[in-house]
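Listed below are the residues making up each chain.
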Amino acid sequence: MILSDLQIREALETGDLAIIPFDEGRGAIQPASIDLRLGPTIFDLGANPVEGIYVDPNTLNVDSFIRSQSVTRDLSREPFFLQPGQFVIGATLEHVTLSTRLGARVDGKSRLARLGVGVHITAPKIDPGFSNYITLEIFNLGPWTIMLQNEMEICSLILELLGQPALRGYEGVFQGANPA
């Protein structure tokens with residue numbers, strides 16, 4: 001069951017959901033989701049194109065690899081202009097914590113999608129017990145250059161109540177890691 005705006009507010013009050021920072025006055029809670037913003041750092045993977053590197057994601061430390069193959073851009077200093085065909089890694093400004101009673105999915109905002117921008121283009125599932133910033137894979141499939149700015153609304157978090165709480169929360173490699 002997808003949580004409604006009323007249920008999202010209840011989850012925030014009970015602690016089943018924590019979002020930091022959270023500003024009720026911003027209007028982030030939508031009828032069946034909550035809007036999240038882009039954080040101040042992105043990793044520009046197109047700045048140093050590399051050919052001939054073949055990676056095995058099963059044996060690779062993905063975070064370290066991305067950091068070593070990209071240029072870090074600080075959106076708090078200046079916006080970033082995402083060119084057609086360009087791919088970057090970002091993260092939400094908000095740190096999200098789910099109880100073992102909730103799962104979630106991340107979707108891009110429709111105003112970006114209509115311009116050809118995919119946000120969180122694969123792996124939209126967020127497991128129960130997750131606690132971190134949400135990493136966003138951002139790709140420009142459109143013909144226009146898109147300006148990415150710190151704190152712009154970038155995605156929606158859709159929360160789902162599990163039939164029963166999970167036996168254990170998320171314990172994967174991205175739990176509590178730096179956003180990347």
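Right above here is the structure, for reference.
All figures in this text were calculated on a predicted structure; none of them were measured in a lab.

A. The arrangement of the packing of aromatic side chains in detail. Scanning the entire structure with this criterion turns up two aromatic pairs. Arranged with centres 6.3 Å apart and planes meeting at 45 degrees, the rings of Phe87 and Phe139 form a pair that is tilted. In this pair, Phe87 sits in strand β7 (residues 87-98) while Phe139 sits in strand β11 (residues 131-140), placing the two residues 52 residues apart along the sequence.

B. Representation of the sheet that holds strand β3 (residues 33-37) in the model. Spatially, the five strands line up as an open sheet ordered β2-β3-β13-β8-β10, and their pairing is antiparallel. Both edges of this open sheet fall to β2 (29-30) and β10 (125-126), since each of them pairs with a single strand only. Judged from the seven bridges that link them, strand β8 (residues 102-108) and strand β13 (residues 153-161) form a sheet pairing that is antiparallel. The partner of Arg105 across the bridge, within β13, is Ile158.

C. Broad picture of unusual backbone geometry. That bond from Ile20 to Pro21 is cis: its omega, -5 degrees, falls within 30 degrees of zero. Mapped onto the elements of the fold, Pro21 is located in the loop between β1 (17-20) and β2. Here Glu151, not a glycine, exhibits a phi torsion of approximately 70 degrees, which is positive. Its place among the elements puts Glu151 in the loop between β12 (146-148) and β13.

D. The arrangement of the environment of Gly46 in detail. Relative to the assigned elements, Gly46 resides in the loop between β4 (41-44) and α2 (62-68). The partly exposed category is assigned to Gly46, whose relative accessible area is 43%. It is 7.2 Å that separates the C-alpha atoms of Gly46 and Ser70, two residues lying 24 residues apart in sequence.

E. Molecular detail of the pairing of β4. Relative to strand β5 (residues 71-74), β4 runs antiparallel, the two being bridged by four bridges. When the sheet's bridge partners are listed, Asp44 is paired in β5 with Val71. Pairing of β4 with β7 involves two bridges; the strand directions are antiparallel. When the bridges of β7 are listed, Phe43 appears paired with Ile89.

F. The arrangement of the nonpolar core in detail. In terms of nonpolar packing, the biggest core is built from 36 residues, with Leu148 and Ile154 touching the most fellow members. Ile154 has contacts with Leu36, Arg37, Leu38, Gly108, Lys109, Leu112, Val119, Leu136, Ile138 and Leu148, leaving out every residue within four places of it along the chain.

G. View of the pattern of salt bridges. Counted by the stated rule, this structure contains 11 salt bridges. Through salt bridges that share partners, Arg26, Arg37, Glu94, Arg111, Glu151 and Glu153 make up one connected network.

H. A look at the side chain of Glu137. With respect to the helices and strands, the residue Glu137 is situated in strand β11. It turns out Glu137 is buried and unbridged, and the closest side chain with the opposite charge, Lys125, is 12 Å from it. Beyond its immediate stretch of four places on either side in the chain, Glu137 contacts Phe87, Val88, Ile89, Gly118, Val119, His120, Ile121 and Thr122.

I. Layout of the side chain of Thr92. Turning to its location among the elements, Thr92 is positioned in strand β7. One polar contact links the side chain of Thr92 to the main-chain carbonyl oxygen of Glu94, over a distance of 2.7 Å. With residues near it in sequence (within four places) discarded, Thr92 still touches Leu36, Arg37, Gly39, Tyr133, Ile134, Leu136 and Cys155.

Quick notes on the rules
Residues numbered from 1 in each chain as written. Predicted model: local features only at pLDDT ≥ 70, side-chain atom pairs only at ≥ 80, totals over all residues. Heavy atoms only, no water. Phe/Tyr/Trp six-rings, centres within 6.5 Å; stacked < 30°, edge-to-face > 60°. Helix = DSSP H or I, 4+ residues; strand = E, 2+ residues; numbered from the N terminus. Pairing = 2+ DSSP bridges. Buried < 20%, exposed > 50% of the residue type's maximum accessible area, 1.4 Å probe, protein only. Core = buried A, V, L, I, M, F, W, Y, C linked by side-chain atoms within 4.5 Å. Contact = heavy atoms within 4.5 Å. Salt bridge = Lys/Arg side-chain N within 4 Å of Asp/Glu carboxyl O. Lys, Arg positive; Asp, Glu negative; His and termini not counted. Polar contact = N/O pair within 3.5 Å; in protein donor to acceptor, adjacent residues only side chain to side chain.

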